[in-house]
Amino acid sequence: MPELPEVETTRRGISPHLTGQTVQAIVVRQPRLRWPVPPDLPEKLDRQTIRTVERRGKYILIGTNRGTLIVHLGMSGSLRILAPDSPPRKHDHLDFILANGTCLRFHDPRRFGCVVWTEDDPSTHPLLAELGPEPLGECFDAPYLHGKARGRSVSVKSFIMDSRIVVGVGNIYANEALFRAGIDPRRPAGRIALPRYEKLVVSIREVLSEAIEQGGTTLRDFVNETGSPGYFQQTLQIYGRTGELCRRCGELIRTQRLGQRSTYWCPNCQH
Ligand code: ZN
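These figures come from a predicted structure and were not determined experimentally. (Residues numbered from 1 in each chain as written. Predicted model: local features only at pLDDT ≥ 70, side-chain atom pairs only at ≥ 80, totals over all residues. Heavy atoms only, no water.)

1. Description of unusual backbone geometry
A positive phi angle, near 75 degrees, is found at H91, a position not held by glycine. Of note, H91 is situated in the loop between β5 (78–82) and β6 (92–98). Unusually for a residue other than glycine, Q260 sits at a positive phi of about 65 degrees. Within the secondary structure, Q260 is located in the loop between β9 (254–258) and β10 (261–265). (Helix = DSSP H or I, 4+ residues; strand = E, 2+ residues; numbered from the N terminus.)

2. With respect to the coordination of the zinc ion
The protein atoms that coordinate the zinc ion are C246 (SG), C249 (SG), C266 (SG) and C269 (SG), at distances spanning 2.2 to 2.4 Å. Coordination at the zinc ion is tetrahedral, judged from the 4 donor atoms that bind it and the angles of 100 to 114 degrees they form at the metal. In the primary structure, the donors to the zinc ion are separated according to the pattern C-x2-C-x16-C-x2-C. Of this pair, C249 sits in the loop between α6 (194–215) and β9 while C269 sits in the segment after β10, and the two are 20 residues apart along the sequence. Its relative accessible area of 35% is what places C249 among the partly exposed residues. (Donors = N, O, S within 2.8 Å, 3.2 Å for Na, K, Ca; no water. Tetrahedral: all angles 85-135°; square planar, octahedral: opposite > 155°, others 65-115°. Buried < 20%, exposed > 50% of the residue type's maximum accessible area, 1.4 Å probe, protein only.)

3. Observations concerning the layout of surface pockets
Unoccupied space between atoms shows up once a probe the size of one water molecule is rolled over them. Of the volumes computed, that of the largest pocket is approximately 510 Å³. Of the residues in the lining of the largest pocket, the class split is 10 nonpolar, 7 polar and 4 charged. Inspection of the lining of the largest pocket shows a minimum of three residues originating in each of domain 1 (4–124) and domain 2 (142–265). (1 Å grid on protein atoms, 1.4 Å probe; cavity = no way out; pocket = protein on both sides within 12 Å on 5 of 7 lines; lining within 4 Å. Points joined across faces, edges and corners; volume = space filled by probe spheres on them. Nonpolar A, V, L, I, M, F, W, Y, C, P; charged D, E, K, R; others polar. Domains from an automatic or database assignment.)

See the structure below:
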């Protein structure tokens, strides 16, 4: 599933090809995505010039003077820049054909992604209005997390994966960040002191930034017809290592389901 680093890499990959370009036509092959593609989208976007390509959480926001296209890649979505005469493959649901002769193509086999349109401030759109701060932004810090955690008995792992608390901390990144910070993922969020949240904030920023950096090497995939967008294979310290030994101390890694998500920790390094 595309996580925040993959979405940010997608944004960086497509942005230079879109910014300043004018939309000439839209081809909708399959409007039934997670939410239906608005039937009047071709009309709304007709002759609009793309001003900005931004990201909020895992949403890509393509801004024009008239409004904003909000795109989510769901479980299996991708966006590519192609020549408009590239024959569509199965699951290539939408094409945004640009006046310069290229095309932005949305591909999504499982159709959990979405392409919606708003003419209001996108931050007030129902999909975005409830989102917590960006993990790499200035509003996300230890006093904020510590304050939000006060009195909460939910596990710290489920807490940091809640997009109302902070956006974009997916399961793999939550496991890795908690390992780096030395925090047991099962610990109640409200029973962690401020200095430990300081460590956790640094760890979350690190694992996401490292993944985004790695993603930079896959940028060419966004203008390549055949290559699949590479999801980042970071060296994982803890995630998925059932039955293996901790790289730091040699203890057997523990695993259990927590909030229905696979959870891994070292009982010696994390408490
Ligand atoms: Zn260990």
